[in-house]
Amino acid sequence: MSKYPDLAPRLFSAIIGGMIIILSLLWNKWGFFAVFLFISCMTMWEFYRLMRLQSYVPIRLLGVSIGGLLFVFTFLIEADLLPSKYYMALFPLASFVFLIKLYKKSDVHPFINIALFYLGILYVAVPFALINILVFYSGEYSYEIIMGLLFLTWANDVGAYFSGILFGRRKLFERISPNKSWEGSIGGAITASLTALVIGFYFEGLNPIEWISISIIVVIAGTYGDLVESHFKRSIQIKDSGTIIPGHGGFLDRFDSFLIAVPFVVVFLKLF
């Protein structure tokens, strides 16, 4: 344990955070709505905060508000509580950033900041909004797909972490993330595949082959999602996106794999 001083807080945070998420999913759709809306907004807030560390000033409050509304509208529309035409209201709201920057005399990089404003929505808010498609995939609220996806993501992370510690020799992408190894990645893939088999036999709606396919998506897209965030943090010379989750850093650190994997899983389920 002394060799890995962050292991205890990492495990404690993972257990507590995982229990909160799982209980919210099991409770009902409103429990899911509250917890994931909170996570989405906090992750966006972190993203914009990191941009400010580089002296950029995307409009954080507006970005988080629009990202939150995107999640709310998608939830209500997928739950058949709101017509889809109300999505249109988000476009003029998002356009306000141009008007605000027009009158912001102190902003020396207005269009870079506008681009970063939209990047936060695309990178963070859209994947979280797409989660609503997964929980209402069968036409009514069901926690099984999103919970299975979380289990696969966690299994991949845990398998990669311990396999890397025990067997890691060959660097996976040393320029971006020196600690990641091929052995860790393979260990994560094996753990996720085994988890997918178990999920396939206990969760209804998708068969084991479909869950295996999703596990492959999670391993590949999740690994790249982790590398993307590592590249992002390295470019601004920080170790973690935040300190709110002991042993894990911030929300962006915890959900980086998820952000890239979710759109691919949604496309897979909708098209194939």
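Our subject is the structure listed above.
Note that the coordinates shown come from a computational prediction; the quantities given were computed from them, not determined experimentally.

Structural notes on the overall build of the chain
Check the secondary structure of the chain and you find nine helices and two strands. Counting helices and strands in the order they occur from the N terminus, the chain gives α-α-α-α-α-α-β-β-α-α-α. Compactness check: the chain gives a C-alpha radius of gyration of 19 Å against a globular reference of 19 Å for 272 residues, within 12% of the reference. Across its three principal axes, the chain shows a C-alpha extent of roughly 55 × 45 × 30 Å. Across the 272 residues that make up the chain, the buried fraction comes to 47%. Counting only contacts in the chain whose residues sit at least 6 apart along the sequence, the fraction spanning at least 24 positions is 69%.

Topic: the environment of Phe 75
By the element assignment, Phe 75 lies in helix 3 (residues 60–78). Of the residues examined, Phe 75 reaches a relative accessible area of 0% and is grouped as buried. The spacing of Phe 75 and Leu 37 is 38 residues in sequence and 9.8 Å in space, taken between C-alpha atoms. Beyond its immediate chain neighbours, meaning those up to four positions away, Phe 75 contacts Lys 29, Trp 30, Phe 32, Phe 33, Asn 132 and Phe 136.

What about the environment of Ser 24?
In this fold, Ser 24 is placed in helix 1 (residues 7–27). Its relative accessible area of 6% is what places Ser 24 among the buried residues. Considered as a pair, Ser 24 and Pro 9 are 15 residues apart in the sequence and their alpha carbons are 22 Å apart.

Brief notes about the packing of helix 4 (residues 90–102) against helix 5 (residues 110–135)
Packing of helix 4 against helix 5 leaves a shortest axis separation of 10 Å and a crossing angle of 160°. With respect to each other, helix 4 and helix 5 are oriented roughly antiparallel. Pair helix 4 / helix 5 crosses with right-handed handedness. Counted together, Ala 94, Ser 95, Val 97, Phe 98 and Lys 101 of helix 4 and Pro 110, Asn 113, Ile 114, Phe 117 and Tyr 118 of helix 5 form the full contact between these two elements. Its residues placed into classes, the contact of helix 4 with helix 5 shows seven nonpolar, two polar and one charged.

Parameters at a glance
Residues numbered from 1 in each chain as written. Predicted model: local features only at pLDDT ≥ 70, side-chain atom pairs only at ≥ 80, totals over all residues. Heavy atoms only, no water. Helix = DSSP H or I, 4+ residues; strand = E, 2+ residues; numbered from the N terminus. Rg over C-alpha atoms; globule rule 2.2 N^0.38 Å. Buried < 20%, exposed > 50% of the residue type's maximum accessible area, 1.4 Å probe, protein only. Contact = heavy atoms within 4.5 Å. Axes fitted to C-alpha atoms, helices over the stretch in contact; angles between N-to-C directions. Parallel < 35°, antiparallel > 145°, perpendicular 65-115°, else oblique. Left-handed = near helix turned anticlockwise from the far one by under 90°. Nonpolar A, V, L, I, M, F, W, Y, C, P; charged D, E, K, R; others polar.

Treat this as a map of the structure, not an account of what it does.
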